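Chain and residue survey
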Amino acid sequence: MPTDLTSGGSVRPITRWGTPVMHAPTREVTEFDDELHELVRDMFATMREAQGVGLAATQVGVDLAVFVFECPDADDRIHTGVVCNPEVELPSGKDRRLDAGDEGCLSYPGGYQALSRPDWTRCTGQDAEGNPIELEGTGFLARCFQHETDHLNGIVFGDRLSARSRRKLDEQVAEMAYRYPDDWPISPKRAAEPATAASS
């Protein structure tokens, strides 16, 4: 992937859960052109401004099967890239080990809940030029690949939670909603409300 696709983009508002594009399968990427490259640059700029580790095109309102990532693996090595038309392969049987780490989503900001996912995955697809790629993810990177590919299939991580965990997530997001303007991260996250002084 040309390194210039990770810089030079413009920050876009992040699309929130409940918007139709977030809950429907995306279109296959068939044109690996300047329009796609501009989208990828903007996605990197948006992800970084929001301090995320991955971002799917649906999260900037575009129904194309592409995501970007800048995420640590199980050894804390940062991996950066873009995947078009991704498919994930998950381990099965004795090779399947679940990691019950906390998960959040830039499109539902302010909430985190534990979600068990396999701690390894293989992600295949194409790069931004249309060349075949195959990536392996461990640790948090494996979670990222699964989370972002879910987005492109119209699945948000809340769909994978128990009813109880989903209620807790909804409550957390509602409590923090005041910090996230509608056009976040173009407008920055607001400061936490100061603690109310105890009356004397």
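Treat the numbers as computed from the prediction; the structure is a model and nothing was measured.

With that settled, consider the overall build of the protein chain. Looking only at helices and strands, one finds three helices and nine strands in the protein chain. The order of helices and strands in the protein chain, counted from the N terminus, is α-β-β-β-β-β-β-β-β-β-α-α. Relative to the compact-globule value of 16 Å for 200 residues, the protein chain shows a C-alpha radius of gyration of 17 Å, a close match. The principal-axis extents of the C-alpha atoms in the protein chain amount to approximately 65 × 45 × 35 Å. Expressed as a percentage of its 200 residues, the buried residues of the protein chain come to 44%. Accessible surface, the protein chain as shown: approximately 10,300 Å² in total, 47% of it carbon and sulfur. Computed over 20 positive and 34 negative side-chain charges, the separation of the two mean positions in the protein chain equals 8 Å.

Bringing the pairing of strand β9 (residues 132–138) into the picture now. Moving residue by residue along a regular strand, the side chains alternate between the two faces of the sheet. As paired elements, strand β8 (residues 120–126) and β9 share seven bridges and run antiparallel to each other. Bridging across to β9, Thr121 finds its partner in Gly137. If you look at the hairpin formed by β8 and β9, you'll find five residues sitting between the two strands, and Gly130 has a positive phi there, around 95°.

If you walk across this open sheet you meet the five strands as β1-β2-β3-β8-β9, and the pairing is antiparallel. Of all strands in the sheet, those with a lone pairing partner are β1 (54–56) and β9, marking the two edges. Within the sheet, the average angular offset between the axes of one strand and its neighbour, ignoring direction, is 40°. Two elements, strand β3 (residues 78–89) and β8, share four bridges in a ladder whose sense is antiparallel. Residue pairing in the sheet places Val88 in a bridge with Cys123 of β8.

Within the element layout of this structure, Arg143 appears in helix α2 (residues 139–152). A relative accessible area of 4% means that Arg143 is categorised as buried. Polar side-chain contacts of Arg143 include one of 2.7 Å to the backbone oxygen of Asp99. Beyond its immediate sequence surroundings of up to four residues, Arg143 is in contact with Asp99, Ala100, Gly101, Asp102, Glu103, Leu115 and Arg117.

Bringing the nonpolar core into the picture now. If you look at the biggest cluster of nonpolar residues, it comprises 23 residues, and the most contacted ones within it are Leu39, Val40, Met43, Leu55, Val66 and Val68. Every element with two or more residues in this core is listed here: α1 (34–49), β2 (66–72) and β3. No other element matches α1, which puts six residues into this core. Residues within four places of Met43 in sequence aside, it is in contact with Leu55, Ala56, Ala57, Val60, Val66, Phe67 and Val68.

The rules behind the values
- Residues numbered from 1 in each chain as written.
- Predicted model: local features only at pLDDT ≥ 70, side-chain atom pairs only at ≥ 80, totals over all residues.
- Heavy atoms only, no water.
- Helix = DSSP H or I, 4+ residues; strand = E, 2+ residues; numbered from the N terminus.
- Rg over C-alpha atoms; globule rule 2.2 N^0.38 Å.
- Buried < 20%, exposed > 50% of the residue type's maximum accessible area, 1.4 Å probe, protein only.
- Areas by Shrake-Rupley, 256 points an atom, 1.4 Å probe, with all protein chains shown as cover.
- Lys, Arg positive; Asp, Glu negative; His and termini not counted.
- Charge placed at Lys NZ, Arg CZ, Asp CG, Glu CD.
- Pairing = 2+ DSSP bridges.
- Axes fitted to C-alpha atoms, helices over the stretch in contact; angles between N-to-C directions.
- Polar contact = N/O pair within 3.5 Å; in protein donor to acceptor, adjacent residues only side chain to side chain.
- Contact = heavy atoms within 4.5 Å.
- Core = buried A, V, L, I, M, F, W, Y, C linked by side-chain atoms within 4.5 Å.

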